Amino acid sequence: MSRWGLCTLALAALLMLGGCSSSTEGSAVSTGASSAGPSTTPHDVSADRFYLENEVTGAYWFATADRQWRCAIVPQMFISRVSDPVAGCQPGAPTNKGFDDAPLVPDHFNGNPAQPDSLVVGKNEDSAFYSLGQPFFWAVGPNGKDLAQVLNAGETISAAGFTCNATGTGVSCKSDSTGKGFTISGRVGTLVYTPAGTGQAYRSSGPDVVPGSTCKTVRVPSTGAQVRVHVDAGVISCHDAEAVVIRYVSDRFLEHSGNTWSAEFDGWTCDMPTATAAERDGFVGECGRADIQIRMRQP
């Protein structure tokens, strides 16, 4: 692992326990949103909107619009002299490794082969997959509050020798000095930078499936159980259906309520029926939006 990786434990721990402040004294960080909504036409935005710091580091933290990916440009760590500047991204839920068809990499803690949970590029290093096992690129404040601002589709930021742009469900970052970088689209990661607006490496979320289709299994972190994702009504790809379920069961920043653990996000309404209802109806959870119905069943 490169030199920066040796310091991730200290950084993640202090970021999660300590408070963060914006670069504008005495004021909250601007969301950058307008009443007309963000433009998806490629354009540059000020990196100052994303800057937060505490006693450990100052960095530019951001998330994709669907919060499936959380990223940061980290110029330095105040407590370390050996850390290189980096830009990197991780899935929006720590239990979701996130990458399809990615090679196994050494686990950060024990060196054993592991699924990667991060894509990283150093200022003077190649881009690479890593298995960090901790939310290194999450901006988490007191009480677990998510502090990252959204990098909206079409927006590009440049800071500390790095450039990153977003498509809403994907993100791409590079080192400005080497041109090396990475692209994430859906759950696919590639070790190449995609300039904003080109769309060359942003892969499709996959073909739509017909009602009655069975998709992959998803792990529910709170119980450790596996659920099988089914598309019961409407038109959606398995990739997108699985992403909805992963967000519902894994995103710890998502507010759940009631004995059915209901949650609403991005137009979706999800819940888990009571044990009696689950046994009667044959599914343990469901998410719906418009005419699309996704249900979770025992594998």
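Read on for an overview of the structure. Source: prediction; values computed, not measured.

Some details on the overall build of the chain
Right, so step 1: Per the secondary structure count, the chain includes three helices and 24 strands.
Right, so step 2: Each of the 299 residues in the chain was classed as buried or not, and the buried ones make up 52%.
Right, so step 3: Taking contacts inside the chain between residues at least 6 apart in sequence as the whole, the part at least 24 apart equals 54%.
Right, so step 4: Accessible surface, the chain as shown: approximately 13600 Å² in total, 50% of it carbon and sulfur.

Quick notes on the pairing of strand 6 (residues 86-91)
Right, so step 1: Judged by how many residues are buried, strand 6 sits mostly within the fold: six of six residues are covered.
Right, so step 2: Where strand 6 lies against strand 9 (residues 118-122), four bridges are found, and the strand directions are antiparallel. Bridging across to strand 9, Val86 finds its partner in Gly122.

Regarding the state of the cysteines
Right, so step 1: Inspection of every chain in the model, using the stated rule, returns four disulfides.
Right, so step 2: Residue Cys164 pairs covalently with Cys173 via a disulfide, S to S 2.1 Å. Judged by the sign of its S-S torsion, about 115°, the cystine formed by Cys164 and Cys173 is right-handed. The pair formed by Cys164 and Cys173 is uniform in burial state, with each residue classed as buried.
Right, so step 3: Two residues share a disulfide in this structure: Cys215 and Cys238, whose sulfurs sit 2.0 Å from each other. In this structure the cystine formed by Cys215 and Cys238 twists about its S-S bond by roughly -75°; its chirality is therefore left-handed. Of the two residues, Cys215 is situated in strand 18 (residues 213-219) and Cys238 in helix 2 (residues 238-250); the sequence distance between them amounts to 23 residues. Here Cys215 matches Cys238 in class, with each residue buried.
Right, so step 4: If one numbers only the bonded cysteines of the chain, in the order they occur, the disulfide pattern is 1-2, 3-4, 5-6, 7-8.

Let's talk about the environment of Gly212
Right, so step 1: Among the secondary structure elements, Gly212 is positioned in the loop between strand 17 (208-209) and strand 18.
Right, so step 2: Along the backbone, Gly212 and His230 are 18 residues apart, and their C-alpha atoms lie at a distance of 6.8 Å.
Right, so step 3: Those residues in contact with Gly212 that sit more than four places away from it in its chain are Val231 and Asp232.

Criteria and thresholds
Residues numbered from 1 in each chain as written. Predicted model: local features only at pLDDT ≥ 70, side-chain atom pairs only at ≥ 80, totals over all residues. Heavy atoms only, no water. Helix = DSSP H or I, 4+ residues; strand = E, 2+ residues; numbered from the N terminus. Buried < 20%, exposed > 50% of the residue type's maximum accessible area, 1.4 Å probe, protein only. Contact = heavy atoms within 4.5 Å. Areas by Shrake-Rupley, 256 points an atom, 1.4 Å probe, with all protein chains shown as cover. Pairing = 2+ DSSP bridges. Disulfide = S-S within 2.5 Å.

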